[in-house]
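Here's the letter readout for the chains.
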There are 2 protein chains.
Amino acid sequence: MSLIDRILSPRSSSRDGARTLRVGIAGLGTVGAAVVRMIERRSAALAAATGCTVRVTAVSARDAKRDRGIDLSGFTWFDDPVALARSEEVDCVVELVGGSEGAAKEIVEAALAVGKHVVTANKALLAHHGNALAKMAEARGVSLAYEASVAGGIPVIKAIREGLAGNAVSRVYGIMNGTCNYILSRMEAEGLTFEACLKDAQALGYAEADPTFDVEGFDTAHKLAILTSLVFGVEIDVEGVSVEGISAIQPLDLTMADELGYRIKLLGVAQATEAGIEQRVHPTMVPKATAIAQVMGVTNAVTIDADAVGELTLIGPGAGGDATASAVVADIADVAAGLVRPTFGKPVARLAAPRRVEMQRHEGGYYVRLTVHDRTGVAAGVATRMAEREISIESIVQRRSAKAASIDPHGLSRQPVPLVLITYAATEGNIRAALDAIAADGLLAEAPQLIRIERE
Amino acid sequence: MSLIDRILSPRSSSRDGARTLRVGIAGLGTVGAAVVRMIERRSAALAAATGCTVRVTAVSARDAKRDRGIDLSGFTWFDDPVALARSEEVDCVVELVGGSEGAAKEIVEAALAVGKHVVTANKALLAHHGNALAKMAEARGVSLAYEASVAGGIPVIKAIREGLAGNAVSRVYGIMNGTCNYILSRMEAEGLTFEACLKDAQALGYAEADPTFDVEGFDTAHKLAILTSLVFGVEIDVEGVSVEGISAIQPLDLTMADELGYRIKLLGVAQATEAGIEQRVHPTMVPKATAIAQVMGVTNAVTIDADAVGELTLIGPGAGGDATASAVVADIADVAAGLVRPTFGKPVARLAAPRRVEMQRHEGGYYVRLTVHDRTGVAAGVATRMAEREISIESIVQRRSAKAASIDPHGLSRQPVPLVLITYAATEGNIRAALDAIAADGLLAEAPQLIRIERE
């Protein structure tokens, strides 16, 4: 059965002439419970909007006895989520188990294999197995929907796939991890260290006990890989994402950013270049006046540069039970309305193979913070090495700590001092080569800090 | 044929087993020409995304001979756009003629009457005849799509109707007129008068020769009426929109706004209250730190307050040929994919009758700028009248012009001076009654300036 035939005959059961979409939910954590409540609360509105009654019929979770504040008595309980995925009483399987392997993968594969629609919030699963799963969905003519997997409650997948159907996109970038944006916002507002803000984020429930996945950028990389595939029509290539987290950002970097007219955000950026598609996650200097620079706290934002609309920015909640459930239910509503679109915007066979671009080839402006020995001629030495690599410098700022200045106003004791440079567009390869030369010259007291600048 | 049956059998012609959607375009101005080019440029992508070939087959415009930079030789030319709307070689009619009456209305009615899908960018037509047209579309089971009619290239209709299907919305507000936002941005940045900025906007092509429709808020009112219907599931009631433009805003208001932590934007606001749905267009003080306050120049932005996602803001281009064409082509792609949704989110018979709320009942904070005689006790007199109406004052600022201060530092010559108040939430009725009393007391040298404050 072709994709189009499937659009014309959605797999939902019919009773009394009206259609019903029977939803099975695997995973009843915060999001799962919110989805159950939302489908009940919005029952009439969903039916009016889609012409189809949406009804939860089956649920599965690890602990049948836990009180989730919802009445499960009307649903069939499955201890085994894979059995739920195969159940005859389910038309659409909602996977909220999480993780790229194990149960989540088995559930989704089982559901697609028997031709059921799948709605998932699982970015790790999509990032690692999206190509194979999209193929399965396409073969069966069913939906594999994943609005909730990127930027939580922001309908960014729908905006790109459908709202920008007439556009070729040249770049997509965004703040897609609330934990990192919360930490950077606090560091900036209060002059605190990364470690102090991380602790607060953990106390407030914004960060996990093991925060590596969030703060080192891997969560953003998963989301970016999904967006890249959709935006550029290429197979998902999460291994091709260059990833750098925010743990090395120091309060001084935020102070300098502020002085120079920037804010620091952890961005995921996918960009079409002549050499291929750059996929990169890194702390980024963004001009203060841009919409994305205003996004503070746990809020997410995605900006899309498209040939016809120009710049489109979507700002909203990136996490939370209700916000994530909102995206899940929007996907369910599309299934209920009979909408089946190719998972990544086009048939899998027509997705291009990814063409990776090494970060060395990335071209852009750079913020370079050096910790240099306070000697005459250091700035000149640094500038010379930059010039040798054809790197033009937009500004250069030398700072002396208040303490050093008071103890030793002439720098005779040679305390290391920060030297900050903003460069015009240069390749990462040239910047790194210049920094290597500067280090070899013995000018540096510490490893250099390098932050990429992203302009509008 | 029911709506659902129509979803299952989209009206598009089939050749060689693959589907083709034949598009007829009425109106070949900037937007129409951009649509023709975009469909050609994105032909392969649209087919891949929708499973349907999208092809322009017919066009109509006033002047067949005008050079539009596009080759029309492959299309059937219609001198009469109504004949195009009824043509057997068109499945989907794109109405880009404009205006709420006359040709545009005839084209859309003719197309819907014979069961053709309609895509339009015409906010005036929707605002004035949306209910009747939605009924016609529903009776024939076809799409009446209008993404381009609100906020140009921003896919806000799709985001609300589909992306927020799981949400109840309590408020939607936005900057939906680029002309007004351009003028206010320039007035703020350069301290210029409304008249000076309007002239520049006209010279740059951002404002019409007769700017009334834009600057007095009517354009925004049309767009707001459409959003209100979609968001709250009520019949369109453009007559129920309270409208106030920006022509009375003075440079001093922008200066005071800045000092008090606000920017002034022309907002359209639709808000659910206990008494009904407020629909209002007026210059508005928005806190500087909000996303919408950052939106400068001709850019548009819409914020939606929804129960599950919280706050969602979409920012992008509100006008321009390519941006508007982007929204038109997105609608065409939905039709090509076989998606038919109820025009205003639910069947017409289930749209609620509008329940208007008089502006007198509006409750919110107010910026009140009085021009008072510079006498002792004036501020006390003003505050007393406010207190009588139970209006609490958050701040009060008295200004003396530099000129007056230098000539007459003690105010003995009694030159009128500005007195600015920011109130806590109060009803418009009470504010106006207090101002009447203040005027009756003989304290005012000029009519008062009243600007509503919209908080997050």
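Residues numbered from 1 in each chain as written. Chains lettered and ligands numbered in written order. Predicted model: local features only at pLDDT ≥ 70, side-chain atom pairs only at ≥ 80, totals over all residues. Heavy atoms only, no water.

(A) The arrangement of the overall build of chain A in detail. What chain A contains, in helices and strands, is 16 helices and 18 strands. Radius of gyration (C-alpha) of chain A: 25 Å, near the 23 Å computed for a compact globule of 456 residues. Projecting the C-alpha coordinates of chain A onto the three principal axes gives extents of approximately 90 × 45 × 35 Å. Taken over 456 residues, chain A has a buried fraction of 60%. Relative to all contacts within chain A whose residues are 6 or more apart in sequence, the contacts with residues 24 or more apart total 76%. Working note: accessible area of chain A is about 17,000 Å², and carbon and sulfur atoms make up 49% of it. Once the 46 positive and 55 negative side-chain charges of chain A are each reduced to a mean point, those two points are 2 Å apart. (Helix = DSSP H or I, 4+ residues; strand = E, 2+ residues; numbered from the N terminus. Rg over C-alpha atoms; globule rule 2.2 N^0.38 Å. Buried < 20%, exposed > 50% of the residue type's maximum accessible area, 1.4 Å probe, protein only. Contact = heavy atoms within 4.5 Å. Areas by Shrake-Rupley, 256 points an atom, 1.4 Å probe, with all protein chains shown as cover. Lys, Arg positive; Asp, Glu negative; His and termini not counted. Charge placed at Lys NZ, Arg CZ, Asp CG, Glu CD.)

(B) How the structure looks around helix α12 (residues 251-260) of chain A. Residues and elements named next belong to chain A. By the burial criterion, the buried members of α12 are Asp253, Leu254, Met256 and Ala257. The buried residues of α12 occupy an angular sector of 165 degrees when projected down its axis, which confines them to one face. Within two residues after α12, Gly261 carries a phi angle of roughly 90 degrees, on the positive side. (Arc of directions from axis to C-beta.)

(C) Geometry of the interface of chain A and chain B. Across the contact, 53 residues belong to chain A and 53 residues belong to chain B. With both sides pooled, the region where chain A packs onto chain B buries about 4,200 Å², and carbon together with sulfur makes up 58% of that total. Our enumeration of links across chain A and chain B arrives at 6 salt bridges. Here chain A is connected to chain B by 13 residue pairs in polar contact (both at pLDDT 80 or more). (Buried area = accessible area lost by both parts, 1.4 Å probe. Salt bridge = Lys/Arg side-chain N within 4 Å of Asp/Glu carboxyl O. Polar contact = N/O pair within 3.5 Å; in protein donor to acceptor, adjacent residues only side chain to side chain.)

(D) Expanded view of the UniProt feature "active site" (unreviewed entry) in chain A. Residues and elements named next belong to chain A. Mapped onto this structure's residue numbering, the UniProt feature "active site" (unreviewed entry) falls at Lys223. Checked against the element boundaries, Lys223 lands in helix α11 (residues 218-232). A relative accessible area of 7% means that Lys223 is categorised as buried. (UniProt positions renumbered as here; feature names shortened; annotations may be inferred.)

(E) Spatial organisation of the state of the cysteines. Residue and element names in this part refer to chain B. Counted by the stated rule, this structure contains 0 disulfides over all chains. Here Cys92 stays unpaired: no disulfide links it, and the sulfur of Cys52, its closest cysteine neighbor, is 10.0 Å away. By relative accessible area, Cys92 is classed as buried at 0%. Here Cys180 stays unpaired: no disulfide links it, and the sulfur of Cys197, its closest cysteine neighbor, is 12 Å away. (Disulfide = S-S within 2.5 Å.)

(F) Region of the structure containing the pattern of salt bridges. Scanning all chains against the criterion turns up 52 salt bridges over all chains. For the salt bridge of Lys158 of chain A with Asp334 of chain A, the shortest nitrogen-to-oxygen distance reads 2.8 Å. With a gap of 176 residues between them, Lys158 of chain A in helix α7 (residues 156-163) and Asp334 of chain A in helix α13 (residues 321-336) connect regions that are remote in the sequence. The pair Lys158 of chain A / Asp334 of chain A is uniform in exposure class, with both members buried. Note that Lys158 of chain B is salt-bridged to Glu162 of chain A, the shortest N-O span being 2.7 Å.

(G) Inspection of the UniProt feature "binding site: L-homoserine" (unreviewed entry) in chain A at higher detail. All names here are of chain A. Here the UniProt feature "binding site: L-homoserine" (unreviewed entry) sits at Glu208. Structurally, Glu208 can be placed in the loop between α9 (194-203) and α10 (212-215). Sequence-distant contacts of Glu208, that is, excluding residues within four places in its chain, are made with Gln202 and Asp214.

(H) Broad picture of the pairing of strand β5 (residues 92-95) of chain A. All names here are of chain A. Going residue by residue along β5, you find Cys92 and Val94 tucked away on one face and Val93 and Glu95 tucked away on the opposite face as well. As defined by bridge partners, strand β2 (residues 18-26) adjoins β5 across 4 bridges and the pair is classed as parallel. Paired with Ile25 across the two strands is Val94, which belongs to β5. Across 4 bridges, the pairing between β5 and strand β6 (residues 117-120) is parallel. Looking across to β6, one finds that Val94 is bridged to Val119. Where the polypeptide runs from β5 across helix α5 (residues 103-113) and back to β6, its parallel neighbour, the crossover connection is right-handed. (Pairing = 2+ DSSP bridges. Right-handed = clockwise from strand over helix to strand, strands pointing away.)

(I) Quick look at the packing of aromatic side chains. Residues and elements named next belong to chain B. Under the counting rule described, the total for this entry stands at 4 aromatic pairs over all chains. Taking the centre distance of 5.6 Å and the plane angle of 45 degrees together, the rings of Tyr146 and Phe344 count as tilted. Note that Tyr146 is positioned in the loop between β7 (144-145) and α7 (156-163) and Phe344 in the loop between α13 (321-336) and β14 (363-372), a separation of 198 residues in sequence. Judged by its relative accessible area of 1%, Tyr146 falls in the buried class. Measuring from ring centre to ring centre gives 4.9 Å for Tyr182 and Tyr206, while their planes differ by 70 degrees; the resulting arrangement is edge-to-face. (Phe/Tyr/Trp six-rings, centres within 6.5 Å; stacked < 30°, edge-to-face > 60°.)

(J) Looking closely at the packing of helix α14 (residues 378-388) of chain A against helix α16 (residues 428-440) of chain A. Residue and element names in this part refer to chain A. The geometry of α14 relative to α16 is characterised by a closest axis approach of 9 Å and an angle of 145 degrees between their N-to-C directions. The chirality of how α14 crosses α16 is right-handed. For the pair formed by α14 and α16, the contact residues are Val382, Arg385 and Met386 on the first element and Ala434, Leu435, Ala437 and Ile438 on the second. In terms of residue class, the contact of α14 with α16 is built from 6 nonpolar, no polar and 1 charged. (Axes fitted to C-alpha atoms, helices over the stretch in contact; angles between N-to-C directions. Left-handed = near helix turned anticlockwise from the far one by under 90°. Nonpolar A, V, L, I, M, F, W, Y, C, P; charged D, E, K, R; others polar.)

(K) Fine view of the relation of the copies chain A and chain B. For these two chains of identical sequence, chain A goes onto chain B by a turn of 180 degrees and a shift of 0.0 Å along the axis, with RMSD 0.0 Å. Between the two chains, the operation in question is that of a two-fold axis. Most of the interface of chain A is mirrored in chain B, where 100% of its interface residues are also at the interface. (Least-squares fit on C-alpha atoms with pLDDT ≥ 70 in both.)

(L) Representation of helix α5 (residues 103-113) of chain B within the structure. Buried within α5 of chain B we find Ala104, Ile107, Val108, Ala110, Ala111 and Leu112 of chain B. At its buried positions, α5 of chain B is contacted by β2 (18-26), α4 (81-86), β5 (92-95), β6 (117-120), α6 (123-140) and β7 of chain B.

(M) Region of the structure containing the environment of Gly268 of chain B. Residues and elements named next belong to chain B. Within the secondary structure, Gly268 sits in strand β10 (residues 262-273). Expressed as a C-alpha distance, the spacing of Gly268 and Ser143, which sit 125 residues apart in the sequence, is 26 Å. Beyond its immediate stretch of four places on either side in the chain, Gly268 contacts Val172, Tyr173, Gly174, Met176, Thr220, Leu224, Arg280 and Val281.

(N) Just the pairing of strand β3 (residues 52-60) of chain B, in detail. All names here are of chain B. Of all 9 residues making up β3, 7 are buried, and the element is well covered by its neighbours. Where β3 meets strand β4 (residues 76-78), 3 bridges bridge the pair, whose relative direction is parallel. Following the sheet pairing, Ala58 is matched in β4 by Thr76.

(O) The arrangement of unusual backbone geometry in detail. All names here are of chain A. Positive phi values are uncommon outside glycine, yet Glu390 reaches one of about 60 degrees. Residue position: Glu390 is located in the loop between α14 and β15 (393-398). Owing to a relative accessible area of 70%, Glu390 belongs among the exposed residues under this scheme.

(P) Up close: the packing of α7 of chain A against α7 of chain B. The geometry of α7 of chain A relative to α7 of chain B is characterised by a closest axis approach of 10 Å and an angle of 125 degrees between their N-to-C directions. Accordingly, the angle class assigned to the pair α7 of chain A and α7 of chain B is oblique. The interaxial crossing formed by α7 of chain A with α7 of chain B has right-handed handedness. Facing Lys158, Glu162 and Gly163 of chain A of α7 of chain A, the residues of α7 of chain B in contact are Lys158, Glu162 and Gly163 of chain B. Looking at the contact of α7 of chain A with α7 of chain B, its residues break down into no nonpolar, 2 polar and 4 charged. (Parallel < 35°, antiparallel > 145°, perpendicular 65-115°, else oblique.)

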